[in-house]
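Structure at a glance
The chain contents come next:
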Amino acid sequence: MKVDVNQTDELWDLERPKIPPRSSLFHLEPIGIGTPYVESITSYVARLAEAHSVAVGTLIAAEIHKKFSKSDDIQQYYYPSLVKVYGQYYIKSLNGTSVKAKQFVAALNQLTLRDDLEFLTLLTWAEVLPSQELLRTDFAWCPQCYQEWRDSSKVIYSPLLWSLQSVNICLEHHRPLQSICPQCHQKFVPLWQTTRPGYCLKCDAWLGGHYSSVLQHCPNIAQSLEWDIWVASALGELLSKAVLFNSIPPRDSINKAIKLYANQLTNGNISALGRFLRVNHYKFLHWHQGSTIPIISELLKICYTLSTSVVDFLQVKVNQITLDKLAILASKTSQRRRKSSVTYSSRQDIEATRAAMQQALFEEHPPTLTQLAYRLGYKSYSPLTHISKSLATAIKKRATDYATLKRQVQGATRWLG
Ligand SMILES: [Zn+2]
Ligand SMILES: [Zn+2]
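What comes next concerns the included structure. Not measured: the values here are computed from a predicted model. (Residues numbered from 1 in each chain as written. Chains lettered and ligands numbered in written order. Predicted model: local features only at pLDDT ≥ 70, side-chain atom pairs only at ≥ 80, totals over all residues. Heavy atoms only, no water.)

Details of the overall build of the protein
Heads up, the condition is: Comment: elements are numbered from the N terminus, with helices defined as DSSP H or I runs of at least four residues and strands as E runs of at least two. Only protein chains enter the accessibility calculation, which uses a 1.4 Å probe. A residue is then buried if its area is under 20% of the maximum for its type, exposed if over 50%, and partly exposed in between. Throughout, a contact is declared for two residues whenever any of their heavy atoms are within 4.5 Å. Where accessible areas are quoted, they stem from the Shrake-Rupley method and a 1.4 Å probe; at the residue level, only the protein chains shown are allowed to cover.
The helix and strand inventory of the protein stands at 18 helices and zero strands. Of all 417 residues assigned to the protein, the portion counted as buried reaches 47%. Long-range pairs, those at least 24 residues apart, make up 70% of the contacts in the protein between residues at least 6 apart in sequence. For the protein, the accessible surface area stands at approximately 22500 Å², while carbon and sulfur atoms represent 53% of it.

Here's the deal with the packing of helix H8 (residues 226–241) against helix H12 (residues 296–305)
Using the following cut-off: Only the stretch in contact is used when a helix axis is fitted, and all axes are lines through C-alpha atoms; the angle between N-to-C directions ranges over 0 to 180 degrees. Put simply, angles under 35 degrees are roughly parallel, angles over 145 are roughly antiparallel, angles from 65 to 115 are roughly perpendicular, and the rest are oblique. Note that Gly is not counted as nonpolar here; it falls among the polar residues with everything else outside the nonpolar set of Ala, Val, Leu, Ile, Met, Phe, Trp, Tyr, Cys and Pro and the charged set of Asp, Glu, Lys and Arg.
Two elements in contact, H8 and H12, have axes whose closest approach is 11 Å; the angle formed by their N-to-C orientations is 105°. Taken together, the axes of H8 and H12 are roughly perpendicular relative to one another. In this structure, H8 uses Glu 226, Trp 227, Trp 230, Val 231, Ala 234 and Leu 235 to contact H12, whose residues at the interface are Ile 296, Leu 300, Lys 301, Cys 303 and Tyr 304. Class assignment of the residues belonging to the contact of H8 with H12 gives a composition of nine nonpolar, no polar and two charged.

Some words on the coordination of the zinc ion (ligand 2)
Which entries qualify depends on this criterion: Any nitrogen, oxygen or sulfur atom within 2.8 Å of a metal ion counts as a donor, with the limit raised to 3.2 Å for Na, K and Ca, and since water is left out, coordination shells can look unfinished. Note on geometry labels: four donors, all angles 85 to 135 degrees, give tetrahedral; four donors become square planar and six octahedral when opposite donors are over 155 degrees apart and every other angle is between 65 and 115; remaining cases are irregular.
Bound to the zinc ion (ligand 2) on the protein side are Cys 181 (SG), Cys 184 (SG), Cys 200 (SG) and Cys 203 (SG), at distances that span 2.3 Å. One way to put it: the four donor atoms around the zinc ion (ligand 2) meet at angles of 107 to 112°, and that makes the site tetrahedral. Mapped onto the sequence, the residues coordinating the zinc ion (ligand 2) show the spacing C-x2-C-x15-C-x2-C. A residue pair is termed long-range when its members are at least 10 positions apart, and Cys 184 in the loop between helix H6 (143–151) and helix H7 (220–224) and Cys 200 in the loop between H6 and H7 qualify at 16 residues. The exposure class of Cys 200 is buried, given its relative accessible area of 3%.

Quick notes on H12
Burial runs high along H12: seven of the 10 residues are buried. Where H12 is concerned, the buried positions are Ile 296, Glu 298, Leu 299, Leu 300, Ile 302, Cys 303 and Tyr 304.

Concerning the packing of aromatic side chains
Keep this limit in mind: Think of it this way: a Phe, Tyr or Trp ring, Trp meaning its six-membered ring, pairs with another when their centres are within 6.5 Å, and the plane angle makes it stacked under 30 degrees, edge-to-face over 60, tilted otherwise.
On inspection of all chains with the given rule, the structure shows 16 aromatic pairs. Aromatic side chains Trp 125 and Phe 245 sit 5.1 Å apart centroid to centroid with 75° between the ring planes, which places their arrangement in the edge-to-face category. Of this pair, Trp 125 sits in the loop between helix H5 (99–112) and H6 while Phe 245 sits in the loop between H8 and helix H9 (253–266), and the two are 120 residues apart along the sequence. Taking relative accessible area as the criterion, Trp 125 reaches 1% and is therefore assigned buried. When the centroid spacing of 5.7 Å and the interplanar angle of 15° are considered together, the rings of Trp 227 and Trp 230 count as stacked.

A word on the coordination of the zinc ion (ligand 1)
In the first shell of the zinc ion (ligand 1), the protein supplies Cys 142 (SG), Cys 145 (SG), Cys 170 (SG) and His 173 (ND1), at 2.1 to 2.3 Å from the metal. For the zinc ion (ligand 1), the four donor atoms in the first shell make angles of 105 to 113° at the metal, so the coordination geometry reads as tetrahedral. Positions of the donor residues of the zinc ion (ligand 1) along the chain correspond to the pattern C-x2-C-x24-C-x2-H.

Considering the side chain of Thr 124
Along the polypeptide, Thr 124 turns up in the loop between H5 and H6. The exposure class of Thr 124 is buried, given its relative accessible area of 3%. Thr 124 has contacts with Phe 119, Ala 242, Phe 245, Ile 248 and Pro 249, leaving out every residue within four places of it along the chain.

The values are spatial; any link to function lies outside them.
Here's what the structure looks like:
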């Protein structure tokens, strides 16, 4: 047989194709990195567990915890209670700056082959934010955000911003975050054996909902929450910009910034700057020397008074402003606050609140007076009592009767069961 050497045969590439490394767990995309609404690591791990169709406690115990455990006893990974394998304190600190948070992120990065999960915690700010008063112990959420995400078929998750103790309101809706389930009236931790973003840990109720439309025409509510809005915006900016830092801001950023502000505003006089910022003299000297650093609520107050962002302060970027200008800004703010506290009780607000209180008496699951106050944008129930003592008493009584009845029904069910 004659072979035609000019004919091109089918070419076989015998080299093995390059297969990218496989991850043990799904390479799930975190939500909102680089935005104020970046997801929290506790929300991420809950969604990851859901994607694997296992309870989050099982995923943590079986995959993540064992990476740090020296024991070979496989039984310990299947305890029904997550607290037995991980510890309640550490579970609550996972979104923060702790060593456990660092280990948790490292394990999840390894298992998912991601390299960006640290931005779902406060680890970028570990050197400059003390853990004291940093994170909430109970989970908090914005019902309107959850509802809007569900209505528009978006992924339901929990932003890191909601886990910060200083953040009281939703940045998007300017309404107080909720921390009591409307169904079972209980609080719960941000992560547990069966956590699912958007649902109550205790009774599995959907946590989304719309705020009462009754108060939509009360613009003064947002005005009275000026400080809360500033805090949520400042911390939202902090979370969104974490991704831009090549290295974490060092601890001495704070005393460097204090020195620069003292030079600019009070000719280097630290005590005078401390007085202007209304900080205890000795405490301020310690901050200036770098022996201690302010906790987050103190840092927020300093930045607010200096009319600068928290991110700029921690980057030692000094706001070019004079003491006179700052004093004028401070007086305008206090005038606005005084004004808003007067208009807050305008006739229109009072009528709208009274109507909402009347409506609450007909709700299937009656809210407590405190829950109703939060829902309506108040910080405590006192204004409701002030507006209508009789309605407030009726709401209280209805909530108490409902809770008693519920306990009796639960008791009877247990007894029958
Ligand atoms: Zn919201
Ligand atoms: Zn519940």
